[in-house]
Amino acid sequence: MLSSSDDHLVLLVFILFVSVLAAFLQNSSSSTTFLFFLVNRMSPFHGYRGDGALLAGGIRSRKRVFAAAADEAVTAAAAKKQKRREEPSLDALPDECLFEVLRRVQGARARCASACVSRRWLVLLGGIRASEAVLVPAPAVPDLNQEYLSEDEADLMCDDGDRERTLEGKEASDARLTAAAVADALRGRLVSVSVRGSHLTRGVTDTGLSALARCCPALRSLSLWDVPQVTDAGLAEIAAECHSLERLDITGCLLITDKGLIAVAQGCPELKSLTIEACSGVANEGLKAIGRFCSKLQAVNIKNCAHVDDQGVSGLVCSATASLAKVRLQGLSITDASLAVIGYYGKVITDLTLARLPAVGERGFWVMANALGLQKLRCMTVVSCLGLTDLALASVAKFCPSLKLLNLKKCSKVSDGCLKEFAESANVLENLQVEECNKVTLVGILAFLLNCSPKFKALSLVKCIGIEDIRSAPAQLPVCKSLRSLTVKDCPGFTDASLAVVGMICPQLENVSLSGLGAVTDNGFLPLIKSSESGLINVDLNGCENLTDAAVSALVKANGSSLAHLSLEGCSKITDASLFAISESCSQLAELDLSNCMVSDYGVAVLASAKQLKLRILSLSGCLMVTQKSVPFLGSMSSSLEGLNLQFNFIGNHNIASLEKQLWRCDILA
């Protein structure tokens, strides 16, 4: 136990030690903190009496030390804040002065760096027009510390990504759109912007469009898909600055009305393509203005706009009669009057699509054709229009002499009755596509082929329930030597007998697609192969689950020198035997789809060992018998393979990673 004199002696030694240490740390910034820590730890020494009891004075002294240290910390923080306020800063400038500073920033890199300082700087930079930027002359003495790029290197850095910018989903916000516009303000290379979707709370608004308009006056293409916060004000900013705009696509923008379209019509005389879809605020006046002021308009697409009727469509077509070449109207409340105007004023229309027009009747189609204005019409698509009947279709064929492609989808009143007359009148028709027209049968198709023009090349039949086997063959089977492409897809009544008839009447087929024909077997496919005279190039047999190796072997042996594309997806009876025949006979095959077939590692090895076979695309998706043993064989195909599908099999992620190293030029989907 220490005596009273010993206690005083220890205290004196401690005070002397602290004094020496303070003198040593006098120039150190951490001296105060260290002394506070030391006193805090050693304070119990002067709080003990000789008998070891803790004195109340020790506790009070410790509290005073803590309070003093806290006061010092608060005082130091306040001093730093005051010093920071007193330091000169650009943030103290009003917006007008900072605007003048920022518009003198030179170079895209410097502007991007400035835009990253704060949101205020970004907004101010976004408000600077390209014409307002001050170009500072280059110094007489170059700055050797500045990175230098030659003109060639600068051109190489400007790729397609600099010319086009797409913002999707959560990335679509005012901040990102403004940043993209600011980065391009001095270069003027950004010509196409697409905004698809929008952030829920910070989406693209008129502010972002205003920055885009001010910074990118050379903008030529703008797409706004499902951007609900954009209004007429934003579109007016685009119209006021981007006078070179050629393409405008507005989809799902509910706040845009005729006022915005009128501004575009008056400010963008170079507009060539306009798409308006699901914009409930758009009516007739906007379309009329587009027709009056946009004399170069070539394509218009109006879909699902509830307030657009005959006045808007007629006014647009009448005013743009000298330039309008492509028209698509869907889901509108127009009547026969609009089709009559199209038929009379559509002097240069080459592509016409009419879809889901319930108020248009047979009279509208008949008048449209008989108006004799569609002399240059080459492509026509009609979808879900009850007004298209046999009489109307015959009139179209008779009075549209340039028609080359006709696409009919869900036209329930079209039947076999008009196909023969249509084939006789359409002298230059090359392509006929029929989908879900259930009154069309194989008898009508044969009558069409018997009377079609020598230029007819392609026939497509999709989901036509009326297409089924002929019970009694016609007395005269047509021979259509001009037909090069045949597609029969998802027609359940199309079986072996129908396929055999097709083979007899179409000996010059080059492209055959028989998807989803579960009733077709080798007995129907083999006659088609034997009747082929020119050699098949593209063959699609997806979903023909009853075809076997015998059919594939016969196909490749007869057409091995010409076959370039073969798809056997879902042909569950195809095994390694087919791959062996392919490896022996095919020399031009570039794409092979074996998805969900019964091929194994042996078949893959056979394909890889074929020296004359140079596959570019190979799909083994869903081939459960293809395992990790195939990895070395697939790796040996690195010289030609560009695409490989290995989804839904048992190769394993580790082996996929190894394969990616071997096939470093190949896109692997796994």
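Thresholds, definitions, all that
Residues numbered from 1 in each chain as written. Predicted model: local features only at pLDDT ≥ 70, side-chain atom pairs only at ≥ 80, totals over all residues. Heavy atoms only, no water. Salt bridge = Lys/Arg side-chain N within 4 Å of Asp/Glu carboxyl O. Helix = DSSP H or I, 4+ residues; strand = E, 2+ residues; numbered from the N terminus. Polar contact = N/O pair within 3.5 Å; in protein donor to acceptor, adjacent residues only side chain to side chain. Contact = heavy atoms within 4.5 Å. Buried < 20%, exposed > 50% of the residue type's maximum accessible area, 1.4 Å probe, protein only. Phe/Tyr/Trp six-rings, centres within 6.5 Å; stacked < 30°, edge-to-face > 60°. Lys NZ or Arg CZ within 6 Å of the ring centre and 35° of its normal. pLDDT = per-residue confidence, 0-100. Core = buried A, V, L, I, M, F, W, Y, C linked by side-chain atoms within 4.5 Å. Axes fitted to C-alpha atoms, helices over the stretch in contact; angles between N-to-C directions. Parallel < 35°, antiparallel > 145°, perpendicular 65-115°, else oblique. Nonpolar A, V, L, I, M, F, W, Y, C, P; charged D, E, K, R; others polar. Disulfide = S-S within 2.5 Å. Patch = residues over 30% accessible without salt bridge, like charges linked within 9 Å, V, L, I, M, F, W, Y side chains within 5 Å. Areas by Shrake-Rupley, 256 points an atom, 1.4 Å probe, with all protein chains shown as cover. Lys, Arg positive; Asp, Glu negative; His and termini not counted. Charge placed at Lys NZ, Arg CZ, Asp CG, Glu CD. Pairing = 2+ DSSP bridges. Right-handed = clockwise from strand over helix to strand, strands pointing away.

**Student:** Can you tell me about the pattern of salt bridges, naming the residues and giving the values?
**Tutor:** Applying the stated criterion across every chain, the model contains 9 salt bridges. Here Glu-591 ties to Arg-616 by a salt bridge, and the two come within 3.7 Å at their closest N and O atoms. Taken as a pair, Glu-591 in strand β17 (residues 591–593) and Arg-616 in the loop between α24 (601–609) and β18 (617–619) lie far apart in primary sequence, 25 residues in all. Taken together, the shared-partner salt bridges in this structure form one network comprising Glu-591, Arg-616 and Glu-642.

**Student:** Outline the side chain of Asn-645, listing residues and values.
**Tutor:** Relative to the elements of secondary structure, Asn-645 occurs in strand β19 (residues 643–645). At 3.2 Å, the side chain of Asn-645 and the backbone nitrogen of Gln-647 are in polar contact. When sequence neighbours within four positions are dropped, the list of residues in contact with Asn-645 reads Leu-618, Ser-619, Leu-620, Ser-621 and Leu-669.

**Student:** Lay out helix α9 (residues 174–184) in plain terms, naming residues and giving numbers.
**Tutor:** Side chains of residues three or four places apart in an α-helix project in the same direction, reflecting 3.6 residues per turn. Among the 11 residues that make up α9, 8 are buried, leaving the element largely enclosed by the rest of the structure. Where α9 is concerned, the buried positions are Asp-174, Leu-177, Thr-178, Ala-180, Ala-181, Val-182, Ala-183 and Asp-184.

**Student:** I'd love a proper account of unusual backbone geometry, names of residues and values included.
**Tutor:** One non-glycine residue with positive phi stands out, namely Arg-356, at about 50°. When its relative accessible area of 39% is taken as the criterion, Arg-356 is described as partly exposed.

**Student:** Summarise the packing of aromatic side chains; cite the residues concerned and give the values.
**Tutor:** Scanning all chains against the criterion turns up 2 aromatic pairs. Relative to Tyr-345, the ring of Tyr-344 lies with its centre 5.0 Å away and its plane at 80°, an arrangement referred to as edge-to-face. Judged by its relative accessible area of 46%, Tyr-344 falls in the partly exposed class. By relative accessible area, Tyr-345 is classed as partly exposed at 33%. We note Lys-347 situated over the ring of Tyr-344; from NZ or CZ to the ring centre the distance is 4.9 Å. Across the ring face of Trp-664, the terminal group of Arg-665 is positioned such that the distance to the ring centre comes to 5.7 Å.

**Student:** Can you explain the confidence of the model for the protein? Please cite residues and give values.
**Tutor:** The predicted model of the protein averages 84 in pLDDT, with 76% of residues at 70 or higher. Below pLDDT 50 for its whole length, residues 24–59 participates in 36 contacts with residues either more than four positions away or in separate chains. Scored below 50 in pLDDT, residues 148–161 shows 5 contacts in the model against residues more than four places distant or in partner chains.

**Student:** Go over the nonpolar core, please, and point to the residues and values.
**Tutor:** Judged by nonpolar contacts, the single largest core of 167 residues is most densely connected at Leu-212, Phe-365, Ile-582 and Leu-618. It is helix α19 (residues 442–451) that contributes the most residues to this core, 5 residues altogether. If we ignore the near neighbours within four places in the chain, the residues touching Ile-582 are Val-552, Val-556, Leu-566, Leu-589, Leu-592, Leu-607 and Leu-613.

**Student:** Tell me about helix α23 (residues 576–585), and name the residues and values.
**Tutor:** Every buried residue of α23 is listed here: Asp-576, Ser-578, Leu-579, Ala-581, Ile-582 and Ser-583. Looking at the buried residues of α23, the elements they touch are α22 (549–559), β16 (565–567), β17 and α24.

**Student:** Outline the side chain of Thr-205, supporting the account with residue identities and numerical values.
**Tutor:** Positionally, Thr-205 belongs in the loop between β2 (192–196) and α10 (206–215). Residue Thr-205 is classed as buried on the basis of its relative accessible area of 17%. Non-local contacts of Thr-205, meaning those with residues more than four positions away in its chain, are made with Asp-174, Gln-229 and Val-230.

**Student:** I'd like a rundown of the packing of helix α12 (residues 258–267) against helix α13 (residues 284–293), residues and numbers included.
**Tutor:** In the contact formed by α12 and α13, the axes pass within 8 Å of each other and the chain directions differ by 5°. Between α12 and α13, the angle falls in the class roughly parallel. For the pair α12 and α13, contact is made by Asp-258, Leu-261, Ile-262, Val-264, Ala-265 and Gln-266 and by Asn-284, Glu-285, Gly-286, Ala-289, Ile-290 and Phe-293, respectively. In the contact of α12 with α13, the residues fall into 7 nonpolar, 3 polar and 2 charged.

**Student:** Quick one: what's the story with the state of the cysteines, residue by residue and with numbers?
**Tutor:** Here the structure, examined in full by the defined rule, presents 0 disulfides. Of all cysteine sulfurs, the one in Cys-253 lies closest to Cys-279, which takes part in no disulfide; the gap is 5.4 Å. Given a relative accessible area of 0%, Cys-279 falls into the buried group.

**Student:** Pulling in residues and values, what's your account of a positive patch on the surface?
**Tutor:** Residues Arg-378, Lys-404, Lys-455 and Lys-457 make up a contiguous surface patch of positive charge. If you trace the backbone, Lys-404 turns up in the loop between α17 (390–399) and β10 (405–409). Residue Lys-404 is classed as partly exposed on the basis of its relative accessible area of 34%.

**Student:** I'd like a rundown of the pairing of β2, residues and numbers included.
**Tutor:** Looking down a regular strand, the side chains alternate between one sheet face and the other. Across the 5 residues that make up β2, a large majority, 4, are buried. Here strand β1 (residues 164–168) runs beside β2; their pairing, made up of 5 bridges, is parallel. Residue pairing across strands places Arg-165 opposite Val-193, the latter belonging to β2. Note that the unit made of β2, α10 and strand β3 (residues 221–225) has a crossover that is right-handed.

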